[in-house]
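Okay, here's what each chain looks like letter by letter:
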Amino acid sequence: MRFLRRALRLLSLVVLAVLGTSLLMYVAPGYFSDAREMDAAHAGVARADLVSLQAQQSTLPRLLRSEIHGWLRGDLGTSRQYGTPVSSLIAERSALSAKLLLSGVALGWLAALLLTLPLGMQRSSVPEVFLVCGTALLLAVPAGLLATLCMVTGHGGPVLVLALLVGVRDIKLLQRMARTAWAAPYILHARAQGISTWRILGIHVLASLRHDLLALAVMSFTLALSALVPVEVIFDHPGLGQLAWSAAMNRDLPVLTVVTAIMAMCVGLASLSAETRRAGAASCA
Amino acid sequence: MRLTMLGLIALLLGVAGWRLCTAPQGYATQDRMQISAPVQAAHPAGTDELGRDRAVRLSLALLLGVGGACCASALASFCTLLVSSFASFGPPWISRTLLYLSDLFMTLPWIFLLMLVRSALPLSLPPLQSGLLTFLLLGLLGIPVFLRLHHSRASALAASGWMLHAHATGLTLAQRLRSLLPHLRPLLLAQFLLYVPACLAAEANLGALGLGLSEPLPSLGTFIANLQSAALQAPSALVYLPIAVLVLVLLALELSLFGAES
Amino acid sequence: MKRLPRTLLAGALLLGVTLPVLRAATPNSRPSEIAWALQYDPKTLDPALVDDQASELVRFLTGGVLVRLNRASMALEPELAESWSVSPDGRTVSLRLRSGLKFSDGSALTSADVVSTLRRVLAPATKAPVAEEFVDPAKVTVDAPDPLSVRLHLPARVTGVVAFLDEIAIEPANRPSETRVTAGPFTLADYQRGQFLRLRRNPFYWKRDTAGASLPYLDGVRLDILANRDTEELRFLRGQYAVLDSVTPDTFAALGRRLPGATRDLGASLNTEQMWFNQVPNAPLPAYKKQWFSSRAFRAAVSAAIRRSDLARIAFDGHATPANGFISPANTAWYNRSLTPVHEDPQAALALLASDGFHKQGEHLVDREGHPVKFSIVTNAGNHARERMATLIQQDLAAIGVEVNVVTLDFPALIDRLMHTSDYEAALLGLSNVQPDPSTMMNVWLSNSPNHQWNPGQKTPATPWEAEIDKLMRAQAEAGDARTRKVSVDRVQAIVAEQLPFIYLVYPNTLCAVSPALEGVRTSVLQPDVVSSIERIRLKGDRR
């Protein structure tokens, strides 16, 4: 029953995301326009294409019907900008994006955990001040500049930039969580009793932070999903993020709805997994 | 430490204000014979590619950008706090609905909503009003980003022993909320600090949709976004001045809040 | 305690997985293959359906055409057709093919292939964009009297019809191959969407150099799909790319400093940058603004107040030429040399405005009813030169008391306002002219055309001068001799310069960069500017 409820929740999230995306793009300016309209040489063809598009999608229900038709056909519709089935575009790009996303998030998390969790036990605030300075610098440098620097120097790539984007934000939040956790009376008591620092970290600190870490994991995952767009665009990484951006800029609704559905699925699954673990932990307690 | 950092921020803003008031050239005045001029007496930070005094423009950008981003970030943090705190004390369905909406929000392409806002506004909207509206929108759009994290913390606290004890002893909801706030402060401050640079970057990117601080007003976000190509073009080192100032402000903010937490 | 080492081990494993992918991937190169970048995927590989620049380039590199427009001299040259003639009434075009022509798969190319290709292109069902240029393509018939002769029969004279053959790539009869079997210098070998296209040399290409060696010299060409201009420039500097077309003025100097001798400024292009006011009668604008915008004095005053030399010097870093009309001086055959440069003088602008009832109230200009003169200029976001021009114009007009609001919009939203809702006051955009013949600009100048930007789709011309332009443009399109056409086009240029429906600002220069490792590169202002001599381009030292 619980499984069914969760599956329904996930499904409704995907459906609402697709509906919301369709509605937003349909009513936003420029849906029934084409860059070729301004080109004297190709304006005629562009207008003919638009007339046929308007005939098919004159109202929102008709637009949704044509979208659903594409999904039912099995190829997820035809891309407006590429003129090819969306399923083939997604298949070509999803593996590249998944690899980038997982590598970036893993590296970002690893760096954030290694840098922040042991820091709370330090009596001196000097390392923390250094960390603060480093994160402030990275937060001020936009992703675009970071990526260009990587390209100019020839070191690092989309994985590093994604890891930095995710890691620096996680560090900021983890740093505060860790400080609070290390200052808890029972941990101070344990330290006073001479229990090894690593033991306290592994058993008590991580345990006390597990709910927050789950929520942070969901947040950083969704952050990484949204950071995928600028990172892939800047690095010309042919993944889903780049596809989503070009779909948004070219009002390619069939592609954008599928990308949004995938994003909704990922976010929904991440949230469900966090909530399941949380519920499990609560029931154990 | 805290006072020193607050003093540094005040000094930076003071210098910016002083430069704005005393500079012979306005922020929009173009001296077309002094394009990309180096440092000189009349232009202590040189001029930009349109011959405008870089120091004056940076001063105004700092006041507008940091002011706007701090307000947007504060709005987002405050609203997140309010929503997550109330939800953590309310029935579980409220929390579930809120988190569901937050997930939905994170997946939707809000860029189209911003386009709709732009199309609903008159093209003659003055640059300053457009900028203020942009920061307001950014403040509201920032709420769901951190909602799950805040909610997790607030729920854990709401279910803690001391809070149950407080409830049992008859403390009202308002009193319990008040006692919750100090525990959420570190997370709130982190969100505030994270969202300030994010707002600046978003404001610059929204320029592409006709929102944000448009010309001739200077925008700190645009200054920094333009550095992307500067790395290749290698113009004057002065183009890196805005990012240096921003790092300084963020550091000072961070360290002053760090002092407050300590 | 047991958890921590496990976590650390997992972390170390993750690090091991991620570190190898930290280095950005770089594409592989092959010997005697050059590479450059396309900003987006070609929309089609079917040469008949080309309607974007990327597809046009692929067609240029792979397509065998009957006649080629020489991009440097702007003259038509024989290609697959060794000769051609047009009948005196302009209704029949006869072409004679070279003998021994072959496609890239070794099969013979005969008149049957040409007839099949032309029929497919002209058929309404194909929806080939180039067919529109034949005015009434459905009524055009094609036949082949013998294996080396082809005849086109047109219902009426179409000016410059032979030049349109430059845009039709001949394909094997009844088996269109999407560029896999071609009669041009290269043929498509591999295409990874979003990543690259790889073209390989056509071993059966008919052309030879003066020494008798078969062309092209290069074994292949790789076109990377790369939207980021910074990455493209970086790869060029590192020697990964052989050419850079459309270099922006912002980076031109930096590229020249880093790779001396590589950059080339080819002078004014055929393109124009212009601003115009919305004169659509039912536009959602206040009546008094519509009155300003339809006033010639107002438009002339705005034009006189704009310092074009500053736009060229500052917004384009000196790589542009102040404009005074819709035909660039680079288009030597059609440019009207009697046009004078625009007289730029704020005082003259104020005098013109005063003649139309405008006057200064303090620092601000107001119309005769007291409305302060302010308007917005919309332009597309992301084009630095255009954004700078708008800001410079903002200050120029502030000098005569006019307040301007600059609004940048993403392209679809901008087109929606310009082409569909007419919800704008003034616009600043550029027009790309890929062909020198003014007939290709017909749909900009005819008053009933949807591309007549300032007041599109008029049922009858709104003004006498628009009616005259209509008449002149039709006359030049129907005229048989070049001299009569030139007279008409000159008159249109003069009317436009006087009435200023478009306020022409600059002709941007054609900027490109060529690797010092290449030889045989002949650049031109017409697309594809850098690789128009692709058959004769080779790597220095490669003497095969």
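Please refer to the structure higher up on the page.
Residues numbered from 1 in each chain as written. Chains lettered and ligands numbered in written order. Predicted model: local features only at pLDDT ≥ 70, side-chain atom pairs only at ≥ 80, totals over all residues. Heavy atoms only, no water.

Quick question: what am I supposed to make of the overall build of chain A here?
In terms of regular secondary structure, chain A is built from 11 helices and zero strands. Taken from the N to the C terminus, the helices and strands of chain A come in the order α-α-α-α-α-α-α-α-α-α-α. In summary, chain A has a C-alpha radius of gyration of 24 Å against a globular reference of 19 Å for 285 residues, an excess of more than 25%. Classification of the 285 residues of chain A by burial places 56% in the buried group. In chain A, once contacts between residues fewer than 6 apart in sequence are set aside, the share between residues at least 24 apart is 70%. (Helix = DSSP H or I, 4+ residues; strand = E, 2+ residues; numbered from the N terminus. Rg over C-alpha atoms; globule rule 2.2 N^0.38 Å. Buried < 20%, exposed > 50% of the residue type's maximum accessible area, 1.4 Å probe, protein only. Contact = heavy atoms within 4.5 Å.)

Just to check I follow, could you spell out the pairing of strand β6 (residues 141-146) of chain C for this structure?
Along any regular strand the residues' side chains alternate between the sheet's two faces. Where β6(C) and strand β7 (residues 149-153) of chain C come together, four bridges link them in antiparallel fashion. By the bridge assignment, C:Asp146 is partnered in β7(C) with C:Ser149. (Pairing = 2+ DSSP bridges.)

Looking at this structure, how should I read the side chain of B:Asp48?
Residues and elements named next belong to chain B. Tracing the backbone through its elements, the reader meets aspartate 48 in the loop between α1 (2-22) and α2 (54-89). A polar contact of 2.9 Å, which involves the side chain of aspartate 48, links it to the backbone nitrogen of leucine 50. In this structure the side chain of aspartate 48 is engaged in a polar contact, spanning 2.8 Å, whose partner is the backbone nitrogen of arginine 52. Apart from the residues within four sequence positions on either side, aspartate 48 is in contact with Gln34, Ile35, Ser36, Arg54 and Arg57. (Polar contact = N/O pair within 3.5 Å; in protein donor to acceptor, adjacent residues only side chain to side chain.)

Before we go on, may I ask you to explain the interface of chain A and chain C in this structure?
Interface size, as often reported, equals the accessible area lost upon joining of the parts. Contacts between the two partners involve 51 residues from chain A, matched on the other side by 48 residues from chain C. Summed over both partners, the interface of chain A with chain C comes to about 4,200 Å²; 60% of that surface belongs to carbon and sulfur atoms. Contact with chain C buries area across many residues of chain A, yet A:Met38, A:Ala40 and A:Asp236 alone supply 15% of it, more than any other trio. Across the chain A-chain C interface, the total number found is three salt bridges. In this structure, the salt-bridge partner of A:Arg36 is C:Asp51, at a minimum N-O distance of 2.0 Å. At the boundary of chain A with chain C, the tally comes to 12 residue pairs in polar contact (both at pLDDT 80 or more). At 11 residues, the largest contribution of residues to the side of chain A that touches chain C is made by helix α4 (residues 86-116) of chain A. (Buried area = accessible area lost by both parts, 1.4 Å probe. Salt bridge = Lys/Arg side-chain N within 4 Å of Asp/Glu carboxyl O.)

What is the right way to look at the interface of chain A and chain B in this model?
Listed as interface residues are 55 residues of chain A and, on the opposing side, 44 residues of chain B. Summed over both partners, the interface of chain A with chain B buries about 4,400 Å², with 75% contributed by carbon and sulfur atoms. Connecting chain A to chain B are one salt bridge. Note that A:Arg9 is salt-bridged to B:Asp103, the shortest N-O span being 3.6 Å. Elements represented by at least two residues in the side of chain A that touches chain B include exactly α1 (2-27), α5 (126-140), α6 (143-153), α7 (158-182), α9 (197-235), α10 (240-249) and α11 (253-284) of chain A. At 10 residues, α1(A) tops the list of elements feeding residues into the side of chain A that touches chain B. Of the residues assigned to the side of chain A that touches chain B, the class counts are 34 nonpolar, 11 polar and 10 charged. (Nonpolar A, V, L, I, M, F, W, Y, C, P; charged D, E, K, R; others polar.)

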